Amino acid sequence: MYDIEGSLDKQILERMRNKPAVVFTEATDPRIIEAACFLPRFVRPVFLASEEAIKDVVHREMGHIDPTRVEFALSESAFCDPAERTDLLDEFARACTDLPQHISRTTNVDEARELIIKPERFGIMAVRQGHADIVVGGITNEPRDYFRPMIRLLAKQDVLTEAGVIILPDSHPEGIFPHNIMVVGDVGANGSMDSEVLANIAVGTCAVARDIFPEEVLPVINGAMVSYSNKGSDEGPSPELVRQASALVPEILQDRIRRGRRYETINIEGEVKISVALSRRSAHLYRRGQESNFVGGTNVIIAPNLDTGNLLFHLYATRYPDAKKFSVMFGIRFQGVDLPMDCTAEDAMLGVKASVLRMHRFGHWSRTPKDTFFPRHRVLAINPGSTSTKIAVYEGDQERFNEEIQHSAAELAPYEGQRIVKQYELRKDIILKTLANHGVSISDLDAVSGRGGLLEPIEHGTYRVNERMRDDLLAGTGADHASNLGALIAREMVLETGKPAFIVDPVVVDEAPARVKVTGMKAIRRRVISHALNQIATARRYAEENETFYEYLNLVVCHMGGGITVGAHAKGRYIDVNNGLDGEGPFSPQRSGGEPTGQLIRLCFSGDYTLDDLLKLNKGRGGLIDLLGTADFREVERRVDEGEPEACEVYEAMVYQICKSVTGLLPAFDGECIDQVLLTGGLARSERLVRDIEAGVKALGCGLTAYPGENEMRALVKGALRVLDGKEEPRVYNP
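Conventions used here
Residues numbered from 1 in each chain as written. Predicted model: local features only at pLDDT ≥ 70, side-chain atom pairs only at ≥ 80, totals over all residues. Heavy atoms only, no water. Helix = DSSP H or I, 4+ residues; strand = E, 2+ residues; numbered from the N terminus. Buried < 20%, exposed > 50% of the residue type's maximum accessible area, 1.4 Å probe, protein only. Contact = heavy atoms within 4.5 Å. Lys, Arg positive; Asp, Glu negative; His and termini not counted. Charge placed at Lys NZ, Arg CZ, Asp CG, Glu CD. Axes fitted to C-alpha atoms, helices over the stretch in contact; angles between N-to-C directions. Parallel < 35°, antiparallel > 145°, perpendicular 65-115°, else oblique. Nonpolar A, V, L, I, M, F, W, Y, C, P; charged D, E, K, R; others polar. Pairing = 2+ DSSP bridges. Salt bridge = Lys/Arg side-chain N within 4 Å of Asp/Glu carboxyl O. Patch = residues over 30% accessible without salt bridge, like charges linked within 9 Å, V, L, I, M, F, W, Y side chains within 5 Å. Areas by Shrake-Rupley, 256 points an atom, 1.4 Å probe, with all protein chains shown as cover. Disulfide = S-S within 2.5 Å. Core = buried A, V, L, I, M, F, W, Y, C linked by side-chain atoms within 4.5 Å. Phe/Tyr/Trp six-rings, centres within 6.5 Å; stacked < 30°, edge-to-face > 60°. Lys NZ or Arg CZ within 6 Å of the ring centre and 35° of its normal.

Visitor: How do you make sense of the overall build of the protein chain when you look at a structure like this?
Guide: Regarding its fold elements, the protein chain presents 27 helices and 23 strands. Considering the protein chain as a whole, with its 735 residues, one finds that 56% of them fall into the buried category. Once local pairs closer than 6 in sequence are excluded, the contacts in the protein chain between residues at least 24 apart make up 74%. In the protein chain, 86 side chains carry a positive charge and 107 a negative one; their mean positions are 1 Å apart.

Written out as structure tokens, the structure reads:
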């Protein structure tokens, strides 16, 4: 059977830049809750019921669903009891009295309020008023209570249609519908029919099919407007209606093609006997000497009236109970999903995904107009470097802008010879000017999140910048590093506003047990310093994409940039990682990695190197720079492609050392299985490197996923949002 769910998922993820808010009006139906449990990766669910009511249904009727999946879905959802949202009830009631006369049902506010308090009407108005993007209903409501009000209030064009999509099982005879994909229209919207309506139904139904099914699956959408007459073979009102509609189709289709070139692959033929549309044998016998755009291979059937379309759709759905089936609306700009009362949870889930895909494909939607159910907190992220400062402003998890501010030698000259933290006032003022250039002031922000510095060792999480943190940074408790500026600048920017300043997962995150730190020399104890921000953010991202929690997974994360750190993350604890700053672990583009201790000691006392020479070889001039004369991994790959022996040897050694570090963390999990290996950082952009590491760690028996790049700005924002959204308590720095 064609994998419609996998196809929809893949297409949505290729296009998705944001997630729409989807309102479930029949929130306590177990099928709806189950469907919503498989949607948080693609949508933001809004249940029109209290969280307690939803959990009660889950407890009583949903023991067959993975509890973690349910828990994650509910954590990503909003809950709204219409009766308790008097602000929205008042807004919606007033809006109802102001509706155009042809769609209005009352001009009395009290009467409107009585209508709107019903979840199905409340959900429709939430979409109409911009508080959500898609409304889902019909599974327990009659058409007059949900479907008809939905299409009346959300219509964007004069003619609407509802297309029924069926993916037939392998038990269906082969050779009739390509890939056993069948689309039928109209199955729900138009009780009365004329030629113009039928022509628009034909084009709209085929457009739905083109939007949902990739061209590599269905290169051409073949639509047949069926009749009991075949090309003038009989007379009557129905064949005449189809003939007139067929004449109107080319112009309507051309208008659709102007909106998207993909619709050029639609063919529509009118007044076709259904047997001719579906059977090559029938087509041959009925059409001797007649030309046809297509014979057989029909994938869209356009019925001449609602009764026929609805009957055909439900007849196939009943005859093949294992079929995947859902309906898709055309003409309401993807804002509504209609569910039949006998639909399954999977049907509901597929219907929502189909509408979400079309929303992204059409390209007009970017985000929910109003942030009523999912507040879009505005966060400034600050990531200081030695001669530059990166800043970014996010609204929710969507980036508004980012900029890297370069600091000239003249600007930094007064601070030469001083600790870098002395620059925080200078950099703060430059950031404020840059924000002003983008039309943003501190009053517009909800929080500032700075890159954490070299503080005392702490657990992972989001920390409010407090006096103790400020004092430690100014006093130089840790090493002098540009990241120490992040907390200081963030604090100064919000000092007089009462708004929070945060740091997130600084490099000193240390949750490793004592066994990790003991060495064979009493004078040396391992320190934990790593790319904690990106490591933990990558682990969280993988968890979210798999609709679970960081705290429930065992992961090995390998950050591969100028330095390489490989960390063990066990059920939400960062329990082991090599100190990439001091030279542990694999060699990298700029760092030497771990060296044989005895040889290193002898090298130190050979007289051939100064302390400064060896420190630079360890960090800054080691690794690929020392071995091959370049830190550019693309250059290394080019030399490997050319078969240069030295480059091939070094590349193979680097892959081996990374794989050795990854697999060497297996004991950290105390016998538990590893769920996934994650690769991140700039080097994860190399398909060759990812492929070779994947082969090298295959014996672990888990999969590998690559997330190229560092994504530090987004990680800083996400940490702040977890606190602002109430998903996490801010930690207190008090080591």
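Visitor: Help me understand the packing of helix 9 (residues 195-212) against helix 14 (residues 345-362), please; the structure alone is not making it clear to me.
Guide: A pair of packed helices is characterised by two quantities: the angle between their axes and the separation of those axes. Here helix 9 crosses helix 14 at 90°, and the two axes come no closer than 9 Å. Considering the angle they form, helix 9 stands roughly perpendicular to helix 14. Within the contact between the two elements, helix 9 uses Val208, Arg210, Asp211 and Ile212 and helix 14 uses Ala354, Leu357, Arg358 and Arg361. Residues belonging to the contact of helix 9 with helix 14 are distributed by class as follows: 4 nonpolar, no polar and 4 charged.

Visitor: Sorry if this is basic, but what is going on with the packing of helix 5 (residues 86-97) against helix 7 (residues 119-128) here?
Guide: Running from amino to carboxyl end, helix 5 crosses helix 7 at an angle of 80°, the nearest separation of the two axes being 10 Å. Accordingly, the angle class assigned to the pair helix 5 and helix 7 is roughly perpendicular. Here Leu88, Leu89, Phe92, Ala95 and Cys96 of helix 5 come into contact with helix 7, specifically with Phe122, Met125 and Ala126.

Visitor: Whenever I open this one, the sheet that holds strand 7 (residues 221-227) confuses me. Can you help?
Guide: Neighbouring strands of a sheet are bound in pairs by backbone hydrogen bonds; such pairs are parallel or else antiparallel. The sheet built from 6 strands is open, its strands ordered 8-7-9-6-5-10 with mixed pairing. Of all the strands in the sheet, the pair left with one neighbour each is strand 8 (266-273) and strand 10 (324-330). Taking the axes of each pair of neighbouring strands and ignoring which way they run, one obtains an average angle of 20° across the sheet. In the sheet, strand 5 (residues 161-167) pairs with strand 10 via 7 bridges, with the strands oriented antiparallel. Bridge pairing links Ile167 to Lys324 in strand 10.

Visitor: How should helix 26 (residues 687-696) be read in this particular structure?
Guide: Each full turn of the α-helix corresponds to 3.6 residues, which orients residues three or four apart in the same direction. Among all positions in helix 26, only Arg688, Leu689, Val690 and Ile693 are buried. In this structure, the buried side of helix 26 is in contact with strand 18 (554-560), helix 24 (633-641), helix 25 (645-663), strand 21 (676-681) and strand 22 (703-708).

Visitor: Help me understand the pairing of strand 12 (residues 378-384), please; the structure alone is not making it clear to me.
Guide: Within a regular strand, the side chains alternate between the two sheet faces. In terms of residue burial, strand 12 counts as a mostly covered element, since 7 of its 7 residues are buried. Burial of the side chains of strand 12 extends over both faces: Arg378, Leu380, Ile382 and Pro384 are buried on one face and Val379, Ala381 and Asn383 on the other. Hairpin geometry of strand 12 and strand 13 (residues 388-395) is characterised by an intervening segment of 3 residues between the two adjacent antiparallel strands.

Visitor: Would you mind going over the pattern of salt bridges with me for this structure?
Guide: Pairing between side chains becomes possible if they bear opposite charge and their charged atoms approach one another. Tallied over the entire structure, the rule returns 56 salt bridges. Across the pair Lys10 and Glu14 runs a salt bridge, and its minimum N-O distance is 2.7 Å. Taken together, the residues Lys10 and Glu14, both in helix 1 (residues 4-15) and 4 residues apart, mark about one turn of the helix. Notably, a salt bridge pairs Asp211 with Arg262, separated by 2.9 Å at the nearest N-O pair. With Asp211 in helix 9 and Arg262 in the loop between helix 10 (237-259) and strand 8, the pair connects residues that are 51 residues apart, well separated along the chain. Each member of the pair Asp211 and Arg262 is classed as buried. The network of salt bridges with common partners includes Glu235, Glu240, Arg243 and Glu271.

Visitor: Help me understand a nonpolar patch on the surface in this model?
Guide: On the surface, Leu600, Leu603 and Tyr609 cluster together to form a nonpolar patch covering roughly 230 Å² of accessible area. On the basis of relative accessible area, Leu600 is assigned to the partly exposed category, the value being 37%.

Visitor: What exactly am I supposed to notice about unusual backbone geometry here?
Guide: Peptide bonds are mostly trans, and most non-glycine residues show a negative phi. With an omega of -5°, the peptide bond running from Gly185 to Asp186 counts as cis. Examined against the element boundaries, Asp186 turns out to sit in the loop between strand 6 (181-185) and helix 9. The backbone of Lys571 sits at a positive phi, close to 50°, despite the residue not being glycine. With respect to the element layout, Lys571 can be found in the loop between strand 19 (564-570) and strand 20 (573-577). Of note, Asp670 is a non-glycine position whose phi angle comes to about 50°, a positive value. Mapped onto the secondary structure, Asp670 falls in the loop between helix 25 and strand 21. The class for Asp670 is exposed, based on a relative accessible area of 57%.

Visitor: Help me understand the sheet that holds strand 2 (residues 44-47) in this model?
Guide: Taken in spatial order, the 5 strands line up as 3-2-1-4-11 in an open sheet, and their pairing is parallel. Strands at the two margins of the open sheet, each flanked by one partner only, are strand 3 (78-79) and strand 11 (336-338). Direction of pairing for strand 2 relative to strand 3: parallel, over a ladder of 2 bridges. Its bridge partner being in strand 3, Phe47 is matched across the sheet by Phe79. Strands strand 4 (134-137) and strand 11 of the sheet are contacted by helix 8 (residues 147-154), whose axis makes an angle of about 160° with strand 11.

Visitor: What exactly am I supposed to notice about the state of the cysteines here?
Guide: Two cysteines form a disulfide when their sulfur atoms are joined by a covalent bond. In this structure the tally under the stated criterion is 0 disulfides. Cysteine Cys648 remains unbridged, with the sulfur of Cys659 as its closest cysteine sulfur at 17 Å.

Visitor: Could you clarify how one ought to interpret the nonpolar core in this entry?
Guide: Side chains of a nonpolar character, in soluble globular proteins, are inclined to be buried together. Residues Ile4, Phe24, Ile212, Phe213 and Met225 are the most contacted members of the largest nonpolar core, which totals 80 residues. Per-element accounting of this core gives the leading share, 11 residues, to helix 9. Among the nonpolar cores identified, the runner-up in size contains 39 residues, and Val393, Leu435, Ile458 and Ile529 belong to it.

Visitor: I keep staring at the packing of aromatic side chains and nothing clicks. Help me out?
Guide: Enumeration over the complete set of coordinates arrives at 10 aromatic pairs. Between Tyr2 and Phe213, the aromatic rings sit 6.0 Å apart at their centres with planes inclined by 55°, giving tilted as the arrangement. Taken together, the residues Tyr2 in the segment before helix 1 and Phe213 in the loop between helix 9 and strand 7 connect sequence positions 211 residues apart. Comparing Tyr2 with Phe213 shows no difference in burial state: the two are buried. When the ring centre of Tyr263 is taken as origin, the NZ or CZ atom of Arg256, which lies over that ring, is 5.4 Å away. Its end group placed over the ring of Tyr320, Arg319 keeps NZ or CZ at 4.6 Å from the ring centre.

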